[in-house]
Protein chains: 2
Amino acid sequence: MTEYQTPKGMRDFSGREMERRLAMMRKIETVYRAWGYQALSTPAMESVDTLNAKAGANLAAGSEIAGQLFRIEDSGLALRFDLTVPLARFAANQSLPKPYKRYCIAPVWRREEPQKGRMREFLQADADVIGCPSMRAEAELLAMASGALRAIGLGAFTIHLSNRKILSGIVEKLGLGKAEVDVFRALDKLDKIGVDGVEAELEEAGIKKASVSKLLELIGDDAGVGNKERLEKAGEYSPHGAEELRQIIASLHDDYGMHGDEVKIDLSLVRGLGYYTGPIFEIRAGGGVGSVSGGGRYDHLLELYGQTDSAVGISLGIERLNALEEEREKDGGAVTPTQVLVVELDSSLHKNALEAADKLRAAGISVETDLNERNMRKQLEYANSLGIPFALIIGKKEAESGKFSLKDLRSGRQETLGLTEAGMAIKEALAQK
Amino acid sequence: MTEYQTPKGMRDFSGREMERRLAMMRKIETVYRAWGYQALSTPAMESVDTLNAKAGANLAAGSEIAGQLFRIEDSGLALRFDLTVPLARFAANQSLPKPYKRYCIAPVWRREEPQKGRMREFLQADADVIGCPSMRAEAELLAMASGALRAIGLGAFTIHLSNRKILSGIVEKLGLGKAEVDVFRALDKLDKIGVDGVEAELEEAGIKKASVSKLLELIGDDAGVGNKERLEKAGEYSPHGAEELRQIIASLHDDYGMHGDEVKIDLSLVRGLGYYTGPIFEIRAGGGVGSVSGGGRYDHLLELYGQTDSAVGISLGIERLNALEEEREKDGGAVTPTQVLVVELDSSLHKNALEAADKLRAAGISVETDLNERNMRKQLEYANSLGIPFALIIGKKEAESGKFSLKDLRSGRQETLGLTEAGMAIKEALAQK
């Protein structure tokens with residue numbers, strides 16, 4: 001009976017895969033909390049009005065998103081499609097001490113065609129600062145996100161920085177102001193459809209080939225040109241936008257000790273058609289993996305919900321990061337939290353097994369005992385099937401002497417130890433791993 | 001503009017309240033994992049067919065639940081109303097090493113009229129064992145849940161135990177077998193509507209007053225009668241059901257060291273109209289608080305999804321437990337994870353502040369620095385508004401000497417310390433708290 005399946009574009013996560021996801025979420029959360037970000041939990045659903053408020057304000061992303069809502073029957077509700085709109089709705093209804101710094105690691109839902117690496121239910125790990133107009137917020141979020149990426153063991157990555165003000169300045173100067181949405185939409189696909197694709201799309205939208213060429217030249221990535229030159233060029237189109245980027249880079253370098261090649265001005269960055277108004281950024285992993293994090297300043301979003309605070313946010317893509325780690329680890333990693341199975345040689349020793357388990361748990365070790373009254377071979381088979389690294393074997397003699405056989409199921413090595421020593425040996429061996 | 005609200009019966013959680021919820025969830029999770037339960041994450045949605053499979057098998061809960069679904073438009077999907085059905089659907093489609101022990105701490109959604117203490121979105125913390133026919137599973141789940149309740153600081157509580165087999169035996173013996181669903185439904189309301197209410201409801205269903213009286217007498221709680229006598233009585237109606245309870249109690253007493261008055265046979269327990277087939281249980285907190293946890297064996301549920309494994313589960317009611325803790329703590333508890341605000345006396349010292357923050361974070365302390373370039377008074381006001389316990393104050397002199405003023409914002413006490421000493425002082429003070 002396989003008629004009962006998970007919904008299209010959604011998945012179960014269990015065993016090794018789930019342990020890996022959980023470990024990643026906890027590491028990111030630990031970093032966010034170490035920087036003083038508060039947890040916020042909002043309902044999975046919002047009113048469609050709340051979700052559509054973005055669209056109402058002529059932010060071009062709206063129409064696209066409206067088509068991707070999972071709407072609830074006869075309720076005027078739909079599942080959230082990101083974690084930013086609920087935050088804006090929440091913050092606008094509160095009088096919070098500012099800056100309000102919050103994180104949220106939770107699923108969002110989008111009813112679009114599932115593709116490799118794009119699910120209909122997926123996790124985001126967002127951190128946002130509300131009520132900080134200065135670039136300190138951008139610098140902190142980028143430094144913190146970099147710390148989180150290092151904590152989960154991501155190798156080399158680069159921060160790509162741009163500013164919507166600069167992009168708008170360029171578009172304006174080229175006389176394309178009225179076509180800004182078309183231009184942003186086309187540029188946003190640069191990675192996917194290439195220069196030729198962008199040219200074709202913009203010409204179709206009635207923009208002259210010469211303007212398109214000039215546009216692509218201006219945002220292009222001239223090899224050998226450093227951030228300093230890029231900022232100077234950008235300053236011609238938006239002095240304010242360039243100055244903001246200069247401040248962010250200076251802080252990342254001087255205050256947070258990043259190297260020159262870890263931060264890169266990249267004027268081709270668009271970050272979708274969303275609600276960004278100032279600096280925008282992406283963190284890209286090496287080896288052609290692409291973006292694992294993105295964000296920016298969205299100073300007008302809260303206005304839609306009735307408050308004028310400025311806001312900046314960053315989001316880590318848990319799904320992409322997990323896919324990366326899965327590739328790196330292959331068959332590694334634990335299926336279960338269990339670190340030791342207490343094996344009883346005989347049902348009459350169940351009580352002794354439970355006592356041993358209790359003591360090992362008190363020492364912070366994750367322990368299972370046999371529930372199914374199986375013989376030793378079956379118990380060890382079970383431990384192996386889950387990749388449980390240790391077995392503590394209790395026979396009559398062991399129960400009487402208080403000395404147990406601790407078996408390392410990976411190496412096969414076996415030692416006779418008291419319970420306290422066995423606990424220490426397990427912890428030591430697992431810490432080395 | 002307060003037009004954008006949370007959906008009816010749903011809430012935001014932030015600040016102190018969210019910190020408390022998070023701490024509770026983590027403590028429960030830590031205990032579940034210490035017993036070797038694996039995390040499982042399933043989609044928020046399931047197909048309506050999956051959710052209704054329970055109803056199809058003439059399990060009486062079905063019809064009630066079908067009316068409480070949050071259905072997704074044009075999709076055949078709805079949000080899950082518990083964590084058990086998704087588990088059953090998952091486990092039936094896998095070949096997992098048995099016993100499969102999983103936990104899940106996640107929200108569920110029910111479209112019913114919100115009441116005090118009953119929301120439309122609420123958290124459950126479930127642990128289940130699939131593929132263990134013996135009562136060891138029940139005993140382990142009850143011992144583990146008790147451990148989790150102790151870990152979150154719940155005071156006295158009592159485990160109430162019954163068995164559907166006994167209840168069915170009684171109903172059968174009284175000749176009420178055909179009215180079992182009516183009987184269970186009425187008895188399940190005993191706490192709410194009292195003996196008179198149950199009598200009235202059953203008489204309305206056409207059951208004779210004499211039978212109702214006999215029924216209530218049989219399941220009634222005779223003061224002064226111990227578990228032993230209750231088991232003997234129960235054995236007359238279902239020897240097998242009584243023997244199962246005897247085994248569970250013996251294990252809780254002998255193997256897990258519980259006291260006699262912590263476990264109580266309570267034949268009035270029904271546990272809803274759900275899918276239970278054997279032992280059922282509830283954990284009730286003292287002081288009239290009532291049930292904080294419930295569960296039981298549901299040996300036929302997996303069959304509906306195509307597998308014959310037996311299953312037992314327990315669920316902790318996070319919402320009820322939080323309400324309890326909220327009452328106990330009143331205004332206590334932290335609003336933010338931040339343990340120290342590094343106060344810079346002047347913007348030029350920002351870099352020094354960030355360096356100090358970095359070092360304190362490396363020592364495992366949660367730190368904020370000023371994002372908004374405020375003067376000292378404003379920075380300290382901000383710290384106080386969030387209840388941040390410490391401020392580390394950096395002026396020019398401090399930056400040069402490497403000695404900082406560490407101010408305890410609760411006592412007002414101030415010390416001059418090196419950074420390492422300051423970190424140790426903070427950790428020590430917070431550990432004592």
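These numbers were taken from a predicted model, which means no experiment stands behind them.

### Remarks on the sheet that holds strand β14 (residues 403-408) of chain B
In a beta sheet, neighbouring strands are held together by backbone hydrogen bonds and run either parallel or antiparallel to one another. All names here are of chain B. Pairing within the open sheet is mixed, and its five strands lie in the order β12-β11-β13-β14-β15. In this open sheet, the two strands that pair with only one neighbour each are β12 (367-369) and β15 (414-418). Averaged over all pairs of adjacent strands, the angle between their axes in this sheet comes to 30°, without regard to strand direction. Pairing analysis gives three bridges linking strand β11 (residues 340-344) to β12, with the strands arranged parallel. Bridging across to β12, Leu341 finds its partner in Glu368. Strands β11, β12 and β13 (390-394) of the sheet are contacted by helix α14 (residues 350-362), whose axis makes an angle of about 170° with β12. Here helix α15 (residues 376-386) sits on the sheet and contacts β11, β12 and β13; the angle it forms with β11, its principal contact strand, is near 170°.

### Quick notes on the relation of the copies chain A and chain B
The two copies are related by a screw operation: chain A maps onto chain B through 180° of rotation and 0.0 Å of translation along the axis, at an RMSD of 0.0 Å. Such a combination of rotation and displacement between the chain copies is what one expects of a two-fold axis. Every residue of chain A has its C-alpha some distance from the rotation axis, and the shortest such distance is that of Ile72 of chain A, at 2.2 Å. Both copies contact each other with a shared surface, as 100% of the interface residues of chain A are interface residues in chain B too.

### Things to note about the interface of chain A and chain B
Contact with chain A, which involves 93 residues of that partner, is made by 93 residues of chain B. In total, about 7500 Å² of surface goes out of reach between chain A and chain B, with carbon and sulfur atoms giving 54% of it. Per-residue buried area on chain A facing chain B is highest for Tyr4, Arg136 and Leu371 of chain A; these three make up 12% of the total on that side. A salt bridge links Glu373 of chain A to Arg136 of chain B, with the shortest nitrogen-to-oxygen separation between them at 3.8 Å. Linking chain A with chain B are 46 residue pairs in polar contact (both at pLDDT 80 or more), by the criterion used here.

### What about empty space enclosed by the protein?
Residues and elements named next belong to chain A. One pass over the structure, following the stated rule, counts five cavities of 30 Å³ or more. Approximately 50 Å³ is the volume found for the second largest cavity. What lines the second largest cavity is Leu218, Ile219, Gly220, Asp221, Arg230, Lys233, Lys264, Ile265, Asp266, Leu267 and Ser268. Per-class residue counts for the lining of the second largest cavity are four nonpolar, two polar and five charged.

### Some details on the environment of Arg320 of chain B
Residue and element names in this part refer to chain B. Following the sequence through the fold, Arg320 ends up in helix α13 (residues 318-329). Between the C-alpha atom of Arg320 and that of Val129, which follows or precedes it by 191 residues, the distance is 24 Å. In this structure Arg320 touches Val289, Gly290, Ser291 and Val292, once residues within four positions along its chain are discounted.

### Digging into the packing of aromatic side chains
A ring pair, where both rings are aromatic, is described by two values, the distance of the centres and the angle of the planes. Evaluated as defined, the whole model comprises 12 aromatic pairs over all chains. Summarising the aromatic geometry, the rings of Tyr275 of chain A and Tyr298 of chain A are spaced 5.3 Å apart at their centres and angled 55° between planes, so their arrangement reads as tilted. Remark: Tyr298 of chain A occurs in the loop between β9 (290-297) and α12 (301-304) and Tyr275 of chain A occurs in the loop between β7 (263-265) and β8 (279-285); sequence separation between them is 23 residues. Overall, Tyr275 of chain A belongs to the buried group, its relative accessible area being 9%. Among the aromatic residues, those joined into a cluster by ring pairs are Tyr275, Tyr276 and Tyr298 of chain A. Residue placement shows Arg361 of chain A over the ring face of Trp35 of chain B; its charged tip is 3.5 Å from the ring centre.

### Comments concerning the domain arrangement of chain A
Domains assigned within chain A are domain 1 (15-329) and domain 2 (340-432). For domain 1 of chain A versus domain 2 of chain A, the separation of C-alpha centres amounts to 49 Å.

### Describing the pattern of salt bridges
Per the stated rule, a full pass over the model turns up 57 salt bridges over all chains. Between Glu19 of chain B and Arg33 of chain A there is a salt bridge, and its shortest N-O distance comes to 2.6 Å. Of this pair, Glu19 of chain B sits in helix α1 (residues 15-34) while Arg33 of chain A sits in helix α1 (residues 15-34), on two different chains. Judged by its relative accessible area of 11%, Glu19 of chain B falls in the buried class. A salt bridge links Glu319 of chain B to Arg21 of chain B, with the shortest nitrogen-to-oxygen separation between them at 2.9 Å. You can see Glu319 of chain B sitting in helix α13 and its partner Arg21 of chain B sitting in helix α1, a full 298 residues away along the chain. The exposure classification of Glu319 of chain B matches that of Arg21 of chain B, with both residues buried. It is possible to trace a salt-bridge network through shared partners that takes in Arg26 and Glu29 of chain A together with Arg26 and Glu29 of chain B.

Reading the values: rules and limits
Residues numbered from 1 in each chain as written. Chains lettered and ligands numbered in written order. Predicted model: local features only at pLDDT ≥ 70, side-chain atom pairs only at ≥ 80, totals over all residues. Heavy atoms only, no water. Pairing = 2+ DSSP bridges. Helix = DSSP H or I, 4+ residues; strand = E, 2+ residues; numbered from the N terminus. Axes fitted to C-alpha atoms, helices over the stretch in contact; angles between N-to-C directions. Contact = heavy atoms within 4.5 Å. Least-squares fit on C-alpha atoms with pLDDT ≥ 70 in both. Buried area = accessible area lost by both parts, 1.4 Å probe. Salt bridge = Lys/Arg side-chain N within 4 Å of Asp/Glu carboxyl O. Polar contact = N/O pair within 3.5 Å; in protein donor to acceptor, adjacent residues only side chain to side chain. 1 Å grid on protein atoms, 1.4 Å probe; cavity = no way out; pocket = protein on both sides within 12 Å on 5 of 7 lines; lining within 4 Å. Points joined across faces, edges and corners; volume = space filled by probe spheres on them. Nonpolar A, V, L, I, M, F, W, Y, C, P; charged D, E, K, R; others polar. Phe/Tyr/Trp six-rings, centres within 6.5 Å; stacked < 30°, edge-to-face > 60°. Buried < 20%, exposed > 50% of the residue type's maximum accessible area, 1.4 Å probe, protein only. Lys NZ or Arg CZ within 6 Å of the ring centre and 35° of its normal. Domains from an automatic or database assignment.

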